[in-house]
There are 2 protein chains.
Amino acid sequence: MSGPRNLVVAQSGGPSPVINSTLRGLVEAARSFPEIGHVYGARHGIEGVLKEEFIDLTAQSPEEIALLRYTPAAGSIGTCRYKLKPQQTEDFARCLEVFRAHNVGYFVYIGVNDSMDTANKIAQLAQQQGIELIGIGGPKTIDNDVGDSQFKLIDHTPGYGSTAKYWMHAVQNANEENAGSCPADPVLVMQAMGRKIGFIPAAARLADPGREMPLQIYLAESPCSLEQLADNVNDQLSRSGRCIVVISEGFNVGSIGERKDSFGHTQFSSSESTVCQTVVNYLNRVGLKAKGSARGNVPGTDQRHSMAYASTVDLDEAYHAGENCAVLAARGESGFMSTILRNPGPIYEVTYGKVPLAEVANSERKFPKEWITPSGFDVTDDFIRYARPLIGNEMVSLPMIDGRQRLARLAPIYVAQKLPKYVPQADRAKS
Amino acid sequence: MSGPRNLVVAQSGGPSPVINSTLRGLVEAARSFPEIGHVYGARHGIEGVLKEEFIDLTAQSPEEIALLRYTPAAGSIGTCRYKLKPQQTEDFARCLEVFRAHNVGYFVYIGVNDSMDTANKIAQLAQQQGIELIGIGGPKTIDNDVGDSQFKLIDHTPGYGSTAKYWMHAVQNANEENAGSCPADPVLVMQAMGRKIGFIPAAARLADPGREMPLQIYLAESPCSLEQLADNVNDQLSRSGRCIVVISEGFNVGSIGERKDSFGHTQFSSSESTVCQTVVNYLNRVGLKAKGSARGNVPGTDQRHSMAYASTVDLDEAYHAGENCAVLAARGESGFMSTILRNPGPIYEVTYGKVPLAEVANSERKFPKEWITPSGFDVTDDFIRYARPLIGNEMVSLPMIDGRQRLARLAPIYVAQKLPKYVPQADRAKS
């Protein structure tokens, strides 16, 4: 071996309030390992690797790295939706070339299943070519859809707890207005992220584990017609005089002009209409058997970057998952993802472990069907028991300066480029 | 005089994160005045007076009254949109009858211009009939459109500072995602409340007083075509690679199927589409000269009940404005609104005073034209100097229990009804 090797970290996909905590955990833990040289952040995920755009995270002020805890989203080094498809062999070769040029011995990719697949393929390719490169995955997604449905590969993903807590607060606070406003506004419809996977809208139930609110939760996994939904709402109105509807952005309400992102995933926030608007319009036009009207909230990206509502449990776990990436890297555990496993027993506690990237990449977590109540528009106490510990017990305390949040501001310490300019394959195809 | 007289407080219109602080200030201050007996909260505003539905606030536990600080919206006693029109003479007579039956000598109406008008009319009617009734107004609206455009009747309304702070955070956090996400999502459109009045969207500028973000702010007062808006966004994209658009819900983008509430005001949140969606669709269909797509956030009512982002300055001022209502009542200052006036000088400080209800009711505050920049899509440093102190310097610290916000829960201590049942005039007309 030839002394310390550098570590490249990249992020992919949608951000979260805690993604930077994972980054911070990695950078701070890496300082303890003599095997690891500098930690380089690839700008905008794998694109930053391909384009040889690295920011030196080890050279940053420790104060700014610490402030990553209070900095949402991925503004620090950026994320991407660039996908390395198997046939993009030039891209894979380029990654290895760039890593060689910068003495990179460790690559950590923080993201979802696609990213785990990329991290795994790069690690395998390196091994085939006799290149020493440790490939590690870091989990991250507010959707909580990484891993298996038995929660054995990972109990929950960093990011989910914070978005779940966001919904707990959003519904708790909205209920105050819904209860207090006059009969003119009896129905509030709120649209939750999570694509077709119900973990995020389900978290609305955390606002009311005792089931006292007139709250209905519609997951994409439990479809019904607009007529049926309106009937449910009208039933609620006749009982409670008001109703709060939390509905998944992926709930099927007929065509709403969905748009696709570069992964081929539906990008609901760019669609021609929203599920929320479709439901509000249906209720206001024909569905509502009461005075007053339905109104809608579509918080959109706010639910994944609203820092004051982040879960302290989630922030801490994301940090430790990042630390664990550094540990796995230093130990040479190539081909593994840093994971969070829940220990058995009545007290919530977790273990930070490792699971094979290949298993994660080929798994698909769905919202357990048995956690949907027979009514179809609520979730069970088993879900509450699963999700409740993830939102923690305290509010995060945000540092403020001059009336604004004090966010981490990384210095533009870029790593000098050593290779000729390269255009990523998918970008060539596009232009 | 016949000993202490009771005080009835009612709330009208849309809620805010601090409306309950005004209520708390009133209830806590009233304890000090022997002239004031019990404070009764009318359920759902003036409708609660007409229907003789009062909750005894003086009989509540002091702890719950104190927790009103951390309880958003108007869930405690409720608000309404019932308007007392001059021709509803039976309704006015009924108010006085109910007050007489419950030994009510003071009536405090917390709301906007319509409510100030109602409070004033009831006070005048009582005077004409030789009834001792002190009518007082309490200011409240996130829109900041109560009073005059010279800020002499009131500097700002309780509620505005908190919604302004909400937007400061929303834009600051959204900017982290917008900066960090890949070129696939270069444009984020965020829709702000405030109807046709620009104080709320203008507050987005507080996220970036140094004007470093690619932020464009569209007020209804500064209209332009969708083509012009798209040109502005494209210019920003060519300079910055990304753009954040904050747009007023009342910005004219052509018909969006507006609905009216019972005051005859447009209720944008119930419209057939949203300004945000119209802009997103225009950009995605024809307007965007860049790769990737525009997406939209419509936080809706969240901006007026998101408790963690409430301004501590606003919370404190709302409390003192409520205390001042009790002071004005005890002094017999009928026909006045409790107001907040900014003292001259470089340090932000305010005085709690009184202004005639008739003047407030007949005034209409607009967003000062001179605070809109020549570009048409930004606000000036004078606006920043006006609004900056209102958001304060700290985060509010929310009490939590079992993972949820500890909200005030008033006991159902209703005042016994003494009169025959009454159907409010406007309700009769409807049915």
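These numbers were taken from a predicted model, which means no experiment stands behind them. (Residues numbered from 1 in each chain as written. Chains lettered and ligands numbered in written order. Predicted model: local features only at pLDDT ≥ 70, side-chain atom pairs only at ≥ 80, totals over all residues. Heavy atoms only, no water.)

**Description of the overall build of chain A**
Part 1 of the reasoning: Per the secondary structure count, chain A includes 13 helices and 15 strands.
Part 2 of the reasoning: Scaling as 2.2 N^0.38, a compact globule of 431 residues should have a C-alpha radius of gyration of about 22 Å, and chain A matches this with 23 Å.
Part 3 of the reasoning: The principal-axis extent of the C-alpha atoms belonging to chain A is close to 75 × 45 × 45 Å.
Part 4 of the reasoning: Split into buried and exposed, the 431 residues of chain A put 67% on the buried side.
Part 5 of the reasoning: A sequence separation of at least 24 residues applies to 77% of the contacts in chain A between residues at least 6 apart.
Part 6 of the reasoning: Here chain A has roughly 14,700 Å² of accessible surface; of this, 50% comes from carbon and sulfur atoms.
Part 7 of the reasoning: Distance between charge centroids for chain A: 3 Å, based on 43 positive and 47 negative side chains. (Helix = DSSP H or I, 4+ residues; strand = E, 2+ residues; numbered from the N terminus. Rg over C-alpha atoms; globule rule 2.2 N^0.38 Å. Buried < 20%, exposed > 50% of the residue type's maximum accessible area, 1.4 Å probe, protein only. Contact = heavy atoms within 4.5 Å. Areas by Shrake-Rupley, 256 points an atom, 1.4 Å probe, with all protein chains shown as cover. Lys, Arg positive; Asp, Glu negative; His and termini not counted. Charge placed at Lys NZ, Arg CZ, Asp CG, Glu CD.)

**With respect to the interface of chain B and chain A**
Part 1 of the reasoning: Listed by partner, the interface residues are 78 residues for chain B and 78 residues for chain A.
Part 2 of the reasoning: Buried surface at the junction of chain B and chain A, summed over both partners, amounts to about 6,000 Å²; 44% is from carbon and sulfur atoms.
Part 3 of the reasoning: In this structure, the connection of chain B to chain A is made through eight salt bridges.
Part 4 of the reasoning: For the salt bridge of A:Glu176 with B:Arg409, the shortest nitrogen-to-oxygen distance reads 2.6 Å.
Part 5 of the reasoning: Looking at the side of chain B that touches chain A, the elements with two or more residues in it are α6 (160-180), α9 (275-287), β11 (294-297), β15 (404-405) and α13 (425-430) of chain B.
Part 6 of the reasoning: The element best represented in the side of chain B that touches chain A is α6(B), accounting for twelve residues.
Part 7 of the reasoning: Split into classes, the residues belonging to the side of chain B that touches chain A amount to 27 nonpolar, 30 polar and 21 charged. (Buried area = accessible area lost by both parts, 1.4 Å probe. Salt bridge = Lys/Arg side-chain N within 4 Å of Asp/Glu carboxyl O. Nonpolar A, V, L, I, M, F, W, Y, C, P; charged D, E, K, R; others polar.)

**Digging into the packing of helix α8 (residues 226-240) of chain B against α9(B)**
Residue and element names in this part refer to chain B.
Part 1 of the reasoning: Contact pair α8 / α9: the axes reach a minimum separation of 10 Å and the direction vectors enclose 70°. One finds that α8 runs roughly perpendicular with respect to α9. Judged by residue contacts, Leu226, Glu227, Leu229, Ala230, Val233 and Asn234 of α8 engage Thr278, Val279, Tyr282, Leu283 and Gly287 from α9.
Part 2 of the reasoning: Of the residues belonging to the contact of α8 with α9, the class tally is seven nonpolar, three polar and one charged. (Axes fitted to C-alpha atoms, helices over the stretch in contact; angles between N-to-C directions. Parallel < 35°, antiparallel > 145°, perpendicular 65-115°, else oblique.)

**Side note on the sheet that holds strand β7 (residues 215-218) of chain A**
Remark on secondary structure: sheet strands pair via backbone hydrogen bonds, oriented parallel or antiparallel.
Residue and element names in this part refer to chain A.
Part 1 of the reasoning: Strands sit in the order β7-β8-β6-β11 across an open sheet of four strands; the sheet is parallel. Each edge of the open sheet carries a strand with a single partner, namely β7 and β11 (294-297). In this sheet, neighbouring strand axes are inclined to one another by 20° on average, regardless of whether the strands run parallel or antiparallel.
Part 2 of the reasoning: As paired strands, strand β6 (residues 187-192) and β11 are joined by four bridges and run parallel to one another. (Pairing = 2+ DSSP bridges.)

**Digging into the relation of the copies chain B and chain A**
Part 1 of the reasoning: Note on the identical chains: chain B maps onto chain A by a rotation of 180° and an axial translation of 0.0 Å, with an RMSD of 0.0 Å. The superposition of one copy onto the other is thereby described by a two-fold rotation axis.
Part 2 of the reasoning: The share of interface residues of chain B whose copies in chain A are also at the interface is 100%, consistent with both copies meeting through the same surface. (Least-squares fit on C-alpha atoms with pLDDT ≥ 70 in both.)

**Looking at the packing of helix α1 (residues 19-30) of chain B against helix α10 (residues 312-331) of chain B**
Residues and elements named next belong to chain B.
Part 1 of the reasoning: Across the interface, α1 lies against α10 with an axial gap of 6 Å and an inter-helix angle of 40°. With respect to their mutual orientation, α1 and α10 come out oblique. Regarding α1 and α10, the two cross each other, and that crossing is right-handed. Between α1 and α10, the residues in contact are Ser21, Thr22, Arg24, Gly25, Leu26, Glu28, Ala29 and Ala30 and Leu315, Ala318, Tyr319, Gly322, Glu323, Cys325 and Ala326, respectively.
Part 2 of the reasoning: Of the residues belonging to the contact of α1 with α10, the class tally is eight nonpolar, four polar and three charged. (Left-handed = near helix turned anticlockwise from the far one by under 90°.)

**Notes on the confidence of the model for chain A**
Part 1 of the reasoning: For chain A, the mean per-residue pLDDT works out to 93, and 95% of the residues sit at or above 70.
Part 2 of the reasoning: In the predicted complex, the global pTM is 0.96; the interface-specific ipTM is 0.95. (pLDDT = per-residue confidence, 0-100.)

**A short note on the pairing of strand β4 (residues 104-111) of chain B**
Residues and elements named next belong to chain B.
Part 1 of the reasoning: Of all eight residues making up β4, eight are buried, and the element is well covered by its neighbours.
Part 2 of the reasoning: In terms of strand pairing, strand β1 (residues 5-11) meets β4 through six bridges, oriented parallel. What sits directly across from Val9, in β4, is Val108.
Part 3 of the reasoning: As paired elements, β4 and strand β5 (residues 134-139) share six bridges and run parallel to each other. Within the sheet, the bridge partner assigned to Gly111 lies in β5 and is Pro139.

**Some details on α10(B)**
Part 1 of the reasoning: A rise of 1.5 Å per residue sets the reference length of α10(B), with its 20 residues, at 28 Å; its end C-alpha atoms lie 29 Å apart and thus fit the reference within 8%.
Part 2 of the reasoning: With respect to burial, α10(B) is a largely interior element, 15 of its 20 residues being buried. (Expected span 1.5 Å × (residues − 1).)

**Some words on the pairing of strand β2 (residues 36-42) of chain B**
Residues and elements named next belong to chain B.
Part 1 of the reasoning: Burial analysis of β2 places five of its seven residues in the buried class, which makes it a mostly covered element.
Part 2 of the reasoning: Bridge analysis of β1 against β2 gives four bridges, and the strand direction is parallel. Counterpart to Leu7 in the pairing with β2 is Val39.
Part 3 of the reasoning: Regarding topology, α1 serves as the crossover connection from β1 to the parallel β2, and that connection is right-handed.
Part 4 of the reasoning: Pairing between β2 and strand β3 (residues 54-56): three bridges, direction antiparallel. Directly across from Gly41, in β3, lies its bridge partner Ile55. (Right-handed = clockwise from strand over helix to strand, strands pointing away.)

**Brief notes about the nonpolar core**
Part 1 of the reasoning: With 98 residues, the main nonpolar core has A:Tyr160, A:Trp167, A:Phe383, B:Tyr160, B:Trp167 and B:Phe383 as its most contacted residues.
Part 2 of the reasoning: The next biggest cluster of nonpolar side chains, apart from the first, holds 45 residues, and it includes A:Val298, B:Leu226, B:Ile247 and B:Phe251. (Core = buried A, V, L, I, M, F, W, Y, C linked by side-chain atoms within 4.5 Å.)

**With respect to the sheet that holds β3(B)**
Residue and element names in this part refer to chain B.
Part 1 of the reasoning: The seven strands lie next to each other as β3-β2-β1-β4-β5-β12-β13, forming an open sheet whose pairing is mixed. At either end of the open sheet lies a strand with only one pairing partner, and these are β3 and β13 (350-356). Taking each pair of neighbouring strands and ignoring which way they run, the sheet shows an average axis angle of 30°.
Part 2 of the reasoning: Contacting β1, β2 and β4, α1 crosses the sheet at an angle of about 175° to β1.
Part 3 of the reasoning: On top of the sheet, α10 reaches β1, β2, β4, β5, β12 (336-342) and β13; it is set at about 45° to β13, its chief contact.

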